[in-house]
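Each chain, written out:
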Amino acid sequence: MSTETHTRTEAPVLAGLPVLGSMFDLKNDSLGTFLRARRELGDVVRITAGPPGARAQVYAVFSAEGAQQVLAGESANFRKDNAFYQEIRESFGNGLLTSQDDDYLRQRRLVQPLFTKRRVDGYADAIATEVTTLTGEWEKAGATTVDVLHESTRLALRAVARILFGTDVDSAVEVVERCFPGVGSYVLRRGYAPVKVPRDWPTPGNRRAAALHQALYEECDRIIATRRATGREAADGDDLLTLLMRAESAEDGAFDATELREQVLVFLLAGHETTATSLGFALHLLALHPEAQRRAHEEVDRVLAGRTPGAADLDALPYVTRVLKEAMRLFPAAPVIGRRAVAATTIGGVAIPAGADVIVAPWVTHRHPAYWEDAERFDPDRFTPEAEAGRPRYAWFPFGGGPRACIGQHFSMLESVIALAMILQRHGLEAVDTEVPLTSAITLQAGGPARCRLVPREG
């Protein structure tokens, strides 16, 4: 634990309404509220929300050093016990994203072999197949304008579903597209509510959410049951569901049907959101910045010379990678990460009491003027090796960090680089929508389209 007792100060409190605090600010614009809190009060701020007697408070930590302390240095003291993780746990089960302690360690040991670099690199062909299908659909339909955020979500969902389920993709994609947004909004509403109606009360919101949950569960159970009935898990398949079914050790046993469902749900959620967000906004940003797009086109043309990229090409596409990293800086898929303090500690000299809800916020830290000059400006060269070496480790953390860092971050980068390179091989982009309204649910969500005109490239 931190021993800065001689410098302990109380966290400043963000101004809000006399009775309800910042409840409506958080509900209407949580990301803007967190930016304002750092700008007005500094790197550790207490934010209150709700009426007396049902008031919640959160300690918001915005510095890179504070984020590193919460996620890595004192990670054992900051647990996934807050209200939002409880809501996610109740909606998606106790999978790798939400589990803790022995459950988490067991799941991580069983799943880790599925995400080695060598294993993930083997999915490059499946990713390229889905990108080819998508761009082929654009050309067949004669599309001149597409919403790159929607199309990136569709691509990422199809890719992760193919890699999870093999050929069982269409029905899974339909169910996920229909159900995930509603479940995310339900989790957000309940996470911010000072008083929660029990989930089993038959309110209209509870009934709608229960129907969405049931559809997700039934789709996962159908796929798992079909796979078990055909005995495919014993064959030579290398999709993740087959590998999850085979995952077993003398120490940890194997996943049962409920655990398989929970892992599949987490992989569907986490496995497509980061890729879809980074790819979609990378395309949007390139459409807004012709010079950066020109440099990316030149690199893709020079390195690939018209061929389909594979895993071995990632190191040879540094500018395309920098574009994606800058997109993840400006539009992190997980803009806020929550924890709960077990014991009292200090962060940056500010007292954090035992039991306090704590958030770190990539959305804010990625814009912190101490690490990023002219932070709202799109500049992929912020991620040259020299520039990265000059910043604190947690100035940029779109995949979280510490022992709970995203297990699929190499998969996300592989998919994003391959997809962006392949789209740029065939298309130039011109922005139609210059501003995209944003909201935050479980992940960053666009409140409107990011349309781009497609300009076919010769060759």
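So, here's what we can say about the structure.

### Focus on the pairing of strand 10 (residues 357-360)
1) Next: A two-sided burial pattern is seen for strand 10, the buried positions comprising Asp357 and Ile359 on one face and Val358 and Val360 on the other.
2) Next: For strand 2 (residues 56-61) and strand 10, the ladder comprises four bridges, and the chain directions are parallel. Paired with valine 58 across the strands is aspartate 357, a residue of strand 10.
3) Next: The pairing of strand 7 (residues 337-341) with strand 10 spans four bridges and is classified as antiparallel. Bridge pairing links glycine 338 to isoleucine 359 in strand 10.

### Observations concerning the state of the cysteines
1) Next: In this structure the tally under the stated criterion is zero disulfides.
2) Next: Here cysteine 179 is not cross-linked by a disulfide; its sulfur's nearest cysteine counterpart is in cysteine 220, at 10 Å.

### Some thoughts on the pattern of salt bridges
1) Next: All told, the structure shown has 32 salt bridges when counted by the stated rule.
2) Next: A salt bridge links glutamate 130 to arginine 158; its shortest N-O distance comes to 2.9 Å. In this pair, glutamate 130 is assigned in helix 6 (residues 124-140) and arginine 158 in helix 7 (residues 148-165), connecting sequence segments 28 residues apart.
3) Next: Since its relative accessible area comes to 19%, arginine 158 is described here as buried.
4) Next: Between glutamate 376 and arginine 367 there is a salt bridge; the shortest N-O distance is 2.8 Å.

### Overview of the sheet that holds strand 14 (residues 451-456)
1) Next: Pairing is antiparallel across the open sheet formed by three strands, whose spatial order is 4-14-11. With one partner strand each, in any of the chains shown, strand 4 (145-147) and strand 11 (427-431) form the two edges of the open sheet. With direction set aside, neighbouring strand axes in the sheet form an average angle of 40 degrees.
2) Next: The pairing of strand 4 with strand 14 spans three bridges and is classified as antiparallel. Its bridge partner lying in strand 14, threonine 145 is registered against arginine 453.
3) Next: Against the sheet, helix 16 (residues 409-426) makes contact with strand 11 and strand 14, and its axis sits at roughly 90 degrees relative to strand 11, the strand it touches most.

### So, helix 2 (residues 64-73)
1) Next: Within helix 2, the full set of buried residues consists of Ala64, Gly66, Ala67, Gln69, Val70 and Leu71.
2) Next: Contacts made by the buried residues of helix 2 are with strand 2, strand 3 (78-79), strand 7, strand 8 (345-347), strand 10 and helix 14 (362-365).

### Focus on helix 11 (residues 257-288)
Owing to its 3.6 residues per turn, the α-helix aligns residues three or four sequence positions apart on the same side.
1) Next: Taking 1.5 Å per residue as the helical rise, helix 11 with its 32 residues ought to reach 46 Å, and the 47 Å between its terminal C-alpha atoms agrees with that figure.
2) Next: Most of helix 11 sits inside the fold, with 27 of its 32 residues counted as buried.
3) Next: By the N-cap criterion, in which a side-chain oxygen at the helix start approaches the backbone nitrogen of a residue two or three places on, helix 11 is capped by aspartate 256, the distance to threonine 258 being 3.1 Å.

### What to know about the layout of surface pockets
Rolled over the atoms, a probe sized like a water molecule indicates the empty space that remains.
1) Next: Of the voids in this model, the second largest pocket is the one considered here, and its volume is about 950 Å³.
2) Next: As for the second largest pocket, its lining consists of 44 residues, and the residues nearest its centre are Thr439, Ala441, Thr443, Gln445 and Ala446.
3) Next: The element that contributes the greatest number of residues to the lining of the second largest pocket is helix 8 (residues 170-192), accounting for nine residues.

### Describing the pairing of strand 1 (residues 44-49)
1) Next: The element strand 1 is extensively covered by neighbouring structure, given that five of its six residues are classed as buried.
2) Next: Counted along the chain from strand 1 to the antiparallel partner strand 2, the turn is six residues long, and its residue glycine 50 has a positive phi close to 110 degrees.

Criteria and cut-off values
Residue numbers restart at each chain and count upward from 1, following the sequence in its written direction. Where totals are concerned, whole chains, interfaces and linings use all residues; where local detail is concerned, this predicted model gives features only for residues with pLDDT of at least 70, and gives and counts side-chain atom pairs only at 80 or more. Each side-chain value is worked out from all heavy atoms of the structure, with water and hydrogens disregarded. A 1.4 Å probe rolled over the protein chains alone gives each residue an accessible area, and that area as a share of the maximum for its type sets the label: buried under 20%, exposed over 50%, partly exposed in between. Under the DSSP-based scheme used, a helix requires at least four consecutive residues in state H or I and a strand at least two consecutive residues in state E, with every element numbered from the N terminus. Here, strands pair whenever DSSP counts at least two bridges between them. Only a pair of cysteine sulfur atoms within 2.5 Å counts as a disulfide in this structure description. Salt bridges are defined by distance alone: a side-chain nitrogen of Lys or Arg within 4 Å of a carboxyl oxygen of Asp or Glu. Note on geometry: axes are C-alpha line fits, over the in-contact stretch for helices, and angles between N-to-C directions span 0 to 180 degrees. Any pair of residues with heavy atoms lying within 4.5 Å of one another is described as a contacting pair. By definition here, a helix of n residues has an expected span of 1.5 Å times n minus one. In the analysis that follows, any N or O atom pair within 3.5 Å is treated as a polar contact, provided that within protein one partner can donate a hydrogen and the other can accept it, and provided that, for residues neighboring in sequence, both atoms belong to side chains. A pocket here means an open set of points on a 1 Å grid, computed over the protein atoms alone, that has protein on both sides within 12 Å along at least five of seven lines. A cavity is instead a set of points where a 1.4 Å probe fits but cannot get out; residues with an atom within 4 Å of a point line either one. Grid points are joined across faces, edges and corners, and a volume is the space filled by probe spheres set on the points.

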